[in-house]
Amino acid sequence: MEKVNIFLLVLLLLISCLDVEGQVCRPSGRIVGRKPPPGRCNQENDSDCCAQGQTYTTYRCSPTVTSHTNAKLTLNSFEDGGDGGGPSECDGKYHSDDLPVVALSTGWYSRGNRCFHNITISGNGRTVKAMVVDECDSTMGCDDEHDYQPPCANNIVDASKAVWKALGIPQDNWGDLDITWSEMKNQVVSSVSLFILLLLLLSISSSVEAKACKPSGKIKGKKPPPGKCNTENDSECCVPDKLYDTYKCSPHVTRRTKAVLTLNSFEKGGDGGAPSECDNKYHSDNIPVVALSTGCFSRCRRCLQNITIHGNGQSVDAMVVDECDSTKGCDEEHDYQPPCPNNIVDASKAVWKALKVPKSKWGEMDVFWSDV
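Since the structure is predicted, the reported quantities are computational estimates derived from the model, not experimental observations.

Conventions and cut-offs
- Residues numbered from 1 in each chain as written.
- Predicted model: local features only at pLDDT ≥ 70, side-chain atom pairs only at ≥ 80, totals over all residues.
- Heavy atoms only, no water.
- Disulfide = S-S within 2.5 Å.
- Helix = DSSP H or I, 4+ residues; strand = E, 2+ residues; numbered from the N terminus.
- Pairing = 2+ DSSP bridges.
- Axes fitted to C-alpha atoms, helices over the stretch in contact; angles between N-to-C directions.
- Phe/Tyr/Trp six-rings, centres within 6.5 Å; stacked < 30°, edge-to-face > 60°.
- Buried < 20%, exposed > 50% of the residue type's maximum accessible area, 1.4 Å probe, protein only.
- Lys NZ or Arg CZ within 6 Å of the ring centre and 35° of its normal.
- Core = buried A, V, L, I, M, F, W, Y, C linked by side-chain atoms within 4.5 Å.
- Contact = heavy atoms within 4.5 Å.

Peer 1: I would appreciate a short explanation of the state of the cysteines in the present structure.
Peer 2: Linking two cysteines covalently via their sulfur atoms produces the bond known as a disulfide. Under the defined criterion, the tally for this structure stands at ten disulfides. In this model, Cys136 is linked to Cys152 through a disulfide, with the two sulfur atoms separated by 2.1 Å. Looking along the S-S bond of the Cys136-Cys152 disulfide, the torsion reads about 95°, which is the right-handed sense. One end of the pair, Cys136, is in strand β6 (residues 126-136); the other, Cys152, is in the loop between β6 and β7 (156-159), with 16 residues separating them in the sequence.

Structure (structure tokens):
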């Protein structure tokens with residue numbers, strides 16, 4: 001009887017596999033190519049331009065997403081004037097090619113449901129995490145809106161230069177690569193593992209507390225010159241002669257690192273001041289990005305890495321793009337703002353929105369965070 005049950009189980013699995021394979025994404029239609037007007041169709045990254053009279057297949061779907069989804073990695077510029085055409089679909093903004101960002105084929109883009117989600121891309125024996133910011137349109141093309149380029153295939157991950165660099169691909173081989181990708185999901189931990197982890201945490205908690213991060217010094221505040229110290233997000237300005245603690249360290253990073261979430265603008269002219277430390281660029285406040293206190297920033301080692309922030313009963317993944325300097329302040333370089341405390345996650349508006357905090361309460365909130 002047991003052998004019969006095993007046989008039936010195997011048979012059921014085979015039938016299921018055949019059924020899944022049968023649910024292939026099929027073309028939804030075709031469009032006829034038009035010759036681009038003079039000066040149109042940016043071929044910066046060897047992009048294809050539509051050929052007059054050629055027929056192109058369109059898709060409303062993409063292959064099923066699995067833990068190892070087969071795809072083609074292509075190269076795209078998300079910057080203003082790049083071959084990506086208009087601003088990104090997710091936020092109506094352009095993005096630095098030095099950030100690991102991607103556009104997904106229409107089916108995978110899922111009507112924006114994957115906007116600002118992070119995916120893991122595997123190729124060339126390496127992996128990289130990248131944020132979805134745009135759609136690679138599989139339903140239309142060969143028009144002004146799509147820069148007279150053909151419709152996107154239904155299995156494309158169109159990636160910035162930063163993704164190709166992270167995968168270790170020689171630049172002369174950039175353009176087309178077979179990869180797999182998956183959505184980033186929290187791992188399931190068994191009850192036994194959680195119990196053991198709890199015991200370990202309890203056993204070392206006292207020693208961790210004993211190794212608390214202590215101030216490294218003090219600086220004296222200076223009055224900002226007229227027109228200096230941007231208070232866009234209720235940022236604090238230095239008070240003359242007030243003493244401010246400085247820190248070279250931050251509390252130990254764990255799977256639930258306590259922190260204070262603050263609000264910062266990473267855009268040009270915002271209260272964040274200069275361009276971000278990680279890539280010397282400004283970033284849209286509609287993208288979930290953060291600056292970390294000096295100790296957590298870890299001398300740029302967390303640059304362009306993703307962290308998960310928990311607060312207000314919600315969670316959000318955000319990319320580290322800048323340092324919230326805990327060692328200096330009250331000068332022109334720091335917009336005459338005090339040194340950052342050692343436990344700050346300074347976040348864009350997109351992070352506060354994702355955590356569903358009412359706008360009237362934006363500014364400061366206790367959170368937990370962890371490395372992704």
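There's more to say after this.
Peer 1: Is there a simple way to explain the sheet that holds strand β4 (residues 101-105) in this structure?
Peer 2: Paired through backbone hydrogen bonds, the strands of a sheet run either parallel or antiparallel to each other. The strand order around the closed barrel formed by six strands is β3-β7-β4-β6-β5-β8, and the pairing between neighbours is mixed. With direction set aside, neighbouring strand axes in the sheet form an average angle of 45°.

Peer 1: Can you walk me through the sheet that holds strand β16 (residues 364-371) in this structure?
Peer 2: Taken together, six strands build a closed barrel; the order of strands is β11-β15-β12-β14-β13-β16 and the barrel is mixed. Neighbour to neighbour, the strand axes of the sheet diverge by 45° on average, direction disregarded. The sheet contact formed by strand β11 (residues 257-263) and strand β15 (residues 344-347) spans four bridges and is parallel. Its bridge partner being in β15, Leu261 is matched across the sheet by Val345.

Peer 1: Just checking my understanding: could you explain the packing of aromatic side chains for this structure?
Peer 2: Aromatic ring pairs are reported here in terms of the distance separating the ring centres and the angle at which the planes meet. Evaluated as defined, the whole model comprises one aromatic pair. Relative to Trp181, the ring of Trp108 has its centre 5.2 Å away and its plane inclined at 75°; by these criteria the two rings are edge-to-face. Highlighted residues: Trp108 in helix α2 (residues 106-109) and Trp181 in strand β8 (residues 176-183), separated in sequence by 73 residues. Per residue, the accessibility class of Trp108 equals that of Trp181, and both read buried. Looking at Arg256, its charged tip hangs above the ring of Phe368, at a distance of 4.0 Å from the centre.

Peer 1: Explain the nonpolar core to me, please; I cannot follow it from the model alone.
Peer 2: Inside soluble globular proteins, nonpolar side chains tend to come together where they are buried. In terms of nonpolar packing, the biggest core is built from 24 residues, with Leu261, Val290, Leu292, Ile309, Val345 and Val351 touching the most fellow members. At the level of elements, β11, β12 (289-293), α5 (294-297), β13 (306-311), β14 (314-324), β15, α6 (349-354) and β16 are the ones that each hand at least two residues to this core. Every residue in contact with Leu292, bar those within four places of it in the chain, is listed here: Phe297, Arg302, Ile307, Val320, Asp322, Glu323, Cys324, Ile344, Val345 and Trp369. Leu73, Val102, Ile121 and Trp174 belong to the second largest nonpolar core, which has 23 residues in total.

Peer 1: Just checking my understanding: could you explain unusual backbone geometry for this structure?
Peer 2: Excluding glycine, most residues fall at negative phi; most peptide bonds, likewise, are trans. Here Arg299, not a glycine, exhibits a phi torsion of approximately 50°, which is positive. Position of Arg299 relative to the elements: it lies in the loop between α5 and β13. The residue Asn312 is not glycine, and still its phi comes out positive at about 60°. By the element assignment, Asn312 lies in the loop between β13 and β14.

Peer 1: I would appreciate a short explanation of the pairing of β13 in the present structure.
Peer 2: Residues in a regular strand point their side chains to alternate faces of the sheet. Counting buried positions along β13 yields five of six residues, so the element is predominantly enclosed. The pairing of β13 with β14 spans six bridges and is antiparallel. Bridge pairing in β14 places Ile309 opposite Val316. Counting the residues in the hairpin turn of β13 and β14 gives two residues, including Asn312, whose phi is positive at 60°.

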